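Descriptive analysis of the structure
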Amino acid sequence: MASSGEEPRNGSPGRAGTGTEAAAADAAQLDTAEDFEVLEEEEEDDEDDLSELPPLEDVGRPPAPPREDARPPEQSAGDAPGDPQEWLDVLGNGLLKKKTLVPGQGVDSRPQKGQDVTIRLKATLEDGTVVEEDPALTFTLGDCDVLQALDLCVQLLEMGETALIVSEAKYCYGAQGRSPDIPPNASLTLEVELLAAQDAPDLELLSGKEKIQLANRKRERGNFFYQQADYVLAINSYDIALRIVGSSSKVDFSPDEEAELLDVKVKCLNNLAASQLKLDHFKAALKSCNLVLEHQPGNIKALFRKGKVLAQQGEYREAIPILKAALKLEPSNKTIHAELSKLVKKHADQRNVETEMYRKMLGNPSAAGAPRKCKDKLPWSIPWKWLFGATAIALGGVALSVVIAARN
């Protein structure tokens, strides 16, 4: 089943940025593996063949690449760490530090969570290689639209302040890095200037097109976090996107916009279920799948995930017909075939165990445990039929003697 939209692309420190061929290949590989590889198999040697499965709900078009006329930074990132006392340990663990280069307009000018902020950004590796420049990156503060290093530190900036942020990979691109320019486990130095901050737009006043674009940006960010195996932040982004889609509106939408909003909602719910399954949040994942199936009863991804989560909970009787329904929609899907076969076998094993348990509870021992009949009879034992016949003959003889005596 083909999915609409474009393949996921790698993200920049701000959000999903321009992808190279290598990045697109990585994203395509993730797409293949993500959608149905939602539960870790226990005690299974063979991994599922995921080559024919629908991908992670597609990511929309990323923002335009940074403009070539980016303003050069006022100070070089290579001039960093000076006096250690000038550095603020943001989290107290030494992994994220901030240093003011140019003071701002005072503490009262700091932005608030939920506001849309605009910053000038320059990101470099430890060897001084510039990997990102953006003269006007805009994002919603606190929504995890950007790297955690930025989301955590920008709220500490004063308006007009320029600061240097040194972050370990944990708060940037983590163990996976960003192909091809940011290697795995790479620390980044971020030079940031806070340019503007304003309240986010009122969701009730957004047009249908604006609401769709905003929800898709949040969904794309969730896909980015999924690629980084940060499922908690992925869930956060999908939840934000769903709140945007479900918010009330004072603007009338066209039928096409309504349909597109529903499509975004279904994609978010499907990806939300995938993330919840990765964290073994089975009850939440089941709820997300059911919400998808309320809108689209034949959604193969939701059917497959629902079957998987029921199977993970040992509900094989309920899971099997759901996977059969998914297989009916896509008979050539090898992964659904394999999963269904495994469930049928597990269900048979479960029934055998239950049968044995009930037999023991009812006191019906197996043939092997039944007491054996005594085959060794005593040599003087007489069959009961013979004994009965002899007794009858004796009684008959006594009766005949009495009759003869009476007649005499």
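Residues numbered from 1 in each chain as written. Predicted model: local features only at pLDDT ≥ 70, side-chain atom pairs only at ≥ 80, totals over all residues. Heavy atoms only, no water.

**Focus on the overall build of the protein**
Within the protein, the secondary structure is distributed over 10 helices and 6 strands. Counting over 408 residues, the protein shows a buried share of 43%. (Helix = DSSP H or I, 4+ residues; strand = E, 2+ residues; numbered from the N terminus. Buried < 20%, exposed > 50% of the residue type's maximum accessible area, 1.4 Å probe, protein only.)

**Topic: a nonpolar patch on the surface**
On the surface, Met357, Met361 and Leu362 cluster together into a nonpolar patch covering about 380 Å² of accessible area. Inspection of the secondary structure puts Leu362 in the loop between α9 (334-361) and α10 (384-407). According to the relative accessible area criterion, Leu362 is exposed, its value standing at 73%. (Patch = residues over 30% accessible without salt bridge, like charges linked within 9 Å, V, L, I, M, F, W, Y side chains within 5 Å. Areas by Shrake-Rupley, 256 points an atom, 1.4 Å probe, with all protein chains shown as cover. Salt bridge = Lys/Arg side-chain N within 4 Å of Asp/Glu carboxyl O.)

**Some thoughts on the state of the cysteines**
Scanning the model with the defined rule gives 0 disulfides in all. This cysteine, Cys153, is not joined by any disulfide, and Cys172 carries the nearest cysteine sulfur, 9.5 Å off. (Disulfide = S-S within 2.5 Å.)

**Details of the packing of helix α6 (residues 282-295) against helix α7 (residues 300-312)**
Interaxial distance between α6 and α7 falls to 9 Å at its minimum, and their mutual angle equals 150°. One element, α6, and the other, α7, form an angle in the roughly antiparallel class. For the element pair α6 and α7, the recorded crossing hand is left-handed. Two secondary-structure elements touch here, α6 through Phe282, Leu286, Cys289, Asn290, Val292 and Leu293 and α7 through Ala302, Leu303, Arg305, Lys306, Val309, Leu310 and Gln312. (Axes fitted to C-alpha atoms, helices over the stretch in contact; angles between N-to-C directions. Parallel < 35°, antiparallel > 145°, perpendicular 65-115°, else oblique. Left-handed = near helix turned anticlockwise from the far one by under 90°. Contact = heavy atoms within 4.5 Å.)

**Considerations on the pattern of salt bridges**
Per the counting criterion, the structure on display carries 12 salt bridges. Residues Lys98 and Glu161 are paired through a salt bridge, measuring 3.0 Å at the closest nitrogen-oxygen approach. Within this pair, whereas Lys98 is found in strand β2 (residues 96-102), its partner Glu161 is found in the loop between α2 (148-153) and β5 (162-167), the two being separated by 63 residues in sequence. Of the two residues, Lys98 and Glu161, both sit in the buried class. Salt bridges sharing common partners tie together Arg120, Glu191 and Glu193.

**Section: the sheet that holds strand β4 (residues 130-140)**
Taken together, 6 strands build an open sheet; the order of strands is β1-β2-β5-β6-β3-β4 and the sheet is antiparallel. The open sheet has two edge strands, β1 (88-89) and β4, and neither has a second partner. Note: strand β3 (residues 115-124) against strand β6 (residues 188-199), 10 bridges, orientation antiparallel. Across the sheet, Arg120 pairs through a bridge with Glu193, a residue of β6. (Pairing = 2+ DSSP bridges.)

**A look at the nonpolar core**
Among the nonpolar cores identified, the biggest contains 78 residues, and Ile119, Phe139, Leu150, Val154, Leu188, Leu190 and Val192 are the most heavily contacted of them. With 10 residues, helix α4 (residues 231-246) is the single largest residue contributor to this core. Those residues within four positions of Ile119 in sequence are excluded, and the remaining contacts are Asp134, Pro135, Ala136, Leu137, Phe139, Leu150, Val154, Val192, Glu193, Leu194 and Leu195. (Core = buried A, V, L, I, M, F, W, Y, C linked by side-chain atoms within 4.5 Å.)

**Examining helix α8 (residues 316-329)**
For α8, which comprises 14 residues, the first-to-last C-alpha distance of 20 Å matches the rise-based estimate of 20 Å (1.5 Å per residue) to within 8%. Those residues of α8 that sit buried are Tyr316, Ala319, Ile320, Ile322, Leu323, Ala326 and Leu327. (Expected span 1.5 Å × (residues − 1).)

**Some points on the packing of aromatic side chains**
This model, assessed by the stated rule, comprises 3 aromatic pairs. Summarising the aromatic geometry, the rings of Tyr226 and Tyr231 are spaced 5.0 Å apart at their centres and angled 70° between planes, so their arrangement reads as edge-to-face. Residues Tyr226 and Tyr231 agree in their burial class; the two are buried. We note Arg221 situated over the ring of Phe225; from NZ or CZ to the ring centre the distance is 4.8 Å. (Phe/Tyr/Trp six-rings, centres within 6.5 Å; stacked < 30°, edge-to-face > 60°. Lys NZ or Arg CZ within 6 Å of the ring centre and 35° of its normal.)

**Some words on the environment of Tyr171**
The residue Tyr171 is located in the loop between β5 and β6 in this model. Taking relative accessible area as the criterion, Tyr171 reaches 8% and is therefore assigned buried. Those residues in contact with Tyr171 that sit more than four places away from it in its chain are Leu91, Asn93, Leu95, Leu96, Leu147, Gln148, Ala149 and Leu152. At a separation of 3.1 Å, a polar atom in the side chain of Tyr171 contacts the side chain of Asn93. (Polar contact = N/O pair within 3.5 Å; in protein donor to acceptor, adjacent residues only side chain to side chain.)

**Description of the environment of Thr124**
Considering the arrangement of structural elements, one finds Thr124 in strand β3. When the C-alpha atoms of Thr124 and Val166 are compared, they prove to be 9.8 Å apart, with 42 residues separating the residues in sequence.

**With respect to the pairing of β3**
Among the 10 residues that make up β3, 10 are buried, leaving the element largely enclosed by the rest of the structure. On β3, burial covers both faces: Gln115, Val117, Ile119, Leu121 and Ala123 on one face and Asp116, Thr118, Arg120, Lys122 and Thr124 on the other are all buried. Once β3 ends, the chain turns through 5 residues before running back antiparallel as β4, passing Gly128 with a positive phi of about 90°.

**A closer look at helix α5 (residues 255-278)**
The end-to-end C-alpha distance of α5 is 35 Å, a good match for the 34 Å that 24 residues give at a rise of 1.5 Å each. In the stretch just after α5, Asp280 is the one whose phi turns positive, near 60°.

**Description of unusual backbone geometry**
Omega for the peptide link from Ser179 to Pro180 comes to 5°, which places this bond in the cis form. Relative to the helices and strands, Pro180 is located in the loop between β5 and β6. Positive phi outside glycine occurs at Asn185, with the angle close to 55°. Here Asn185 shows up in the loop between β5 and β6. Judged by its relative accessible area of 57%, Asn185 is exposed. Unlike most non-glycine residues, Asp280 shows phi in positive territory, near 60°. With respect to the element layout, Asp280 can be found in the loop between α5 and α6.

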